[in-house]
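The chain contents come next:
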Amino acid sequence: MAKIVIVSTPNGVGDKFHFVWNLAMSGKSDDSTSGSIWVGHRIDWWDRPDRDETWHQRELKSLGSEEAFQQEYGNRFSVSAGDKLITDDKIVKLKESAENSDAVVSILPLNPKNPDDKLTYTRYFEYEEDHTYVAGVDCAEGTGQDSSVIYILDITHTDSIKLAAKFDSTKTIPEEFANVIYRLWYKYGKPKIMIETNACGLAVLEALKNLSRTQNDKLRFELNSIVKYNRPAGHTGINSNNQSKSKSMLNLQNLVQSNRYGFILPDDELLRELPFCE
């Protein structure tokens, strides 16, 4: 059986390489070559050990713009300022999937035993004990500007990854936000949690450490639930930089755009923001 290897950087959309790459990402066969299956392998600039953030900044200065850098090294087919991370067609399909799902939007109190606690969260799908969940957390200062957000995803079935619950508030300070994280973590079966270690994130992590020490054995927050990435020994959380953020966005794009995975995201605000994630 003959094999063909194509090595190239992207150069705009609509050409043969763009066509072949999309086939590889979708897992579909190529009818123009008797049903061949293409397999995609991506190598980014940071995969080379001699290229680091210093190299990145030097190349940015030399090329003159982020767009020029992305065209040369970024593995992106289109690099115009108006690019969207997720295409309009995909967003339409995600909306249709959400509308046709059995999601039920419920606004529920985080602490129903305390009527003075006015914090609420949005539930789309009830917790199921035999399902697998993960939590993504974005921390803010709670000053009424940026939002502190938690997304709980049900990843049990990759053909229907579901947004199970969401918390969103612009006025929840980091210490209070840690309690919100704890309550949703407990409600959804103690899932793995991804928290960025920016200034607000560090404050939230410190508060979660306190919860791991002050609760009784049954209710104690488990620090090993927090995903660790690019952090020194003895520390947890995700330490992100330009390089890791760029890689994360590309991974998100490939994940959502690929037909290998299905998503049910019954949240209009999330679908509005998804094309412009950065």
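Residues numbered from 1 in each chain as written. Predicted model: local features only at pLDDT ≥ 70, side-chain atom pairs only at ≥ 80, totals over all residues. Heavy atoms only, no water.

Trainee: Please set out the environment of E59 residue by residue, giving values where relevant.
Mentor: Mapped onto the elements of the fold, E59 is located in helix α2 (residues 53–63). Look past the residues within four positions of E59 in its chain and what remains in contact with it is F69 and Y73. (Helix = DSSP H or I, 4+ residues; strand = E, 2+ residues; numbered from the N terminus. Contact = heavy atoms within 4.5 Å.)

Trainee: Got a sec to walk through helix α1 (residues 16–26)? Specific residues and values, please.
Mentor: Taken across its 11 residues, α1 has 8 buried, putting it largely inside the fold. After α1 finishes, the residue G27 shows a positive phi value of roughly 80°. (Buried < 20%, exposed > 50% of the residue type's maximum accessible area, 1.4 Å probe, protein only.)

Trainee: Please provide a residue-by-residue account of the layout of surface pockets, values included.
Mentor: Gaps left between atoms are located by rolling a probe of water-molecule size over the structure's atoms. Of the voids in this model, the second largest pocket is the one considered here, and its volume is about 1700 Å³. Taken together, 38 residues line the second largest pocket, and the ones lying closest to its centre are G136, Y151, M249, L252 and C277. At 9 residues, the largest contribution of residues to the lining of the second largest pocket is made by helix α7 (residues 242–257). Each residue belonging to the lining of the second largest pocket can be placed in one class, and the counts come to 23 nonpolar, 7 polar and 8 charged. (1 Å grid on protein atoms, 1.4 Å probe; cavity = no way out; pocket = protein on both sides within 12 Å on 5 of 7 lines; lining within 4 Å. Points joined across faces, edges and corners; volume = space filled by probe spheres on them. Nonpolar A, V, L, I, M, F, W, Y, C, P; charged D, E, K, R; others polar.)

Trainee: Describe the nonpolar core, naming the residues involved and giving the relevant values.
Mentor: One finds I150, I152, F177, I181, L184, I195 and L208 to be the most contacted residues of the largest nonpolar core, which totals 29 residues. For this core, the leading source of residues is helix α5 (residues 174–187), giving 7 residues. If near-sequence neighbours (up to four positions away) are discounted, L208 is found in contact with A178, I181, I195, F221, L223 and I226. Membership of the second largest hydrophobic core comes to 17 residues, among which are I86, I91, V149 and L163. (Core = buried A, V, L, I, M, F, W, Y, C linked by side-chain atoms within 4.5 Å.)

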